[in-house]
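Here's the letter readout for the chains.
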Amino acid sequence: MKNIAQPKMVYSHPTMCLYCHLVVEMTHAHDADPVKGSWECPRCKHLYRFSHWKIRKQKTRKTAT
Ligand SMILES: [Zn+2]
């Protein structure tokens, strides 16, 4: 009986990769370490450390009043 645990991937909003200059959806493993983990460009496989580059996640934007 096979039970392959497929890691869930988290996708960023479309972001321009600084290496291949393409607008891509960066990915990282669902359980990636918030410190040691990194976003990965699906095109050139470049890694962006979370601590180095914080891609905006789905945040509720504060509206200035
Ligand atoms: Zn890239």
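Here's what I pulled together on the structure shown here. The model shown is predicted, which means the values in this text are computed figures rather than measured ones.

**What to know about the environment of Met9**
Tracing the backbone shows Met9 in strand E1 (residues 9–16). Judged by local crowding, Met9 falls into the partly exposed class, with 13 C-beta atoms found within 10 Å. Taking the C-alpha atoms as reference points, Met9 and Asp31, 22 residues apart in sequence, are found 8.5 Å from one another. Discounting chain neighbours no more than four positions away, the residues touching Met9 are Thr27, Ala29 and His30.

**Here's the deal with the pairing of strand E2 (residues 23–29)**
Inspection of the sheet shows E1 paired to E2 by 6 bridges, in the antiparallel sense. The residue bridging Tyr11 from the neighbouring strand is Thr27, located in E2. Linkage of E1 to E2, two consecutive antiparallel strands, is achieved through a turn of 6 residues, within which His21 is found at a positive phi near 55 degrees.

The rules behind each value
Residues numbered from 1 in each chain as written. Predicted model: local features only at pLDDT ≥ 70, side-chain atom pairs only at ≥ 80, totals over all residues. Helix = DSSP H or I, 4+ residues; strand = E, 2+ residues; numbered from the N terminus. Buried ≥ 20, exposed ≤ 12 C-beta atoms within 10 Å, placed from the backbone. Contact = placed C-beta atoms within 7 Å. Pairing = 2+ DSSP bridges.

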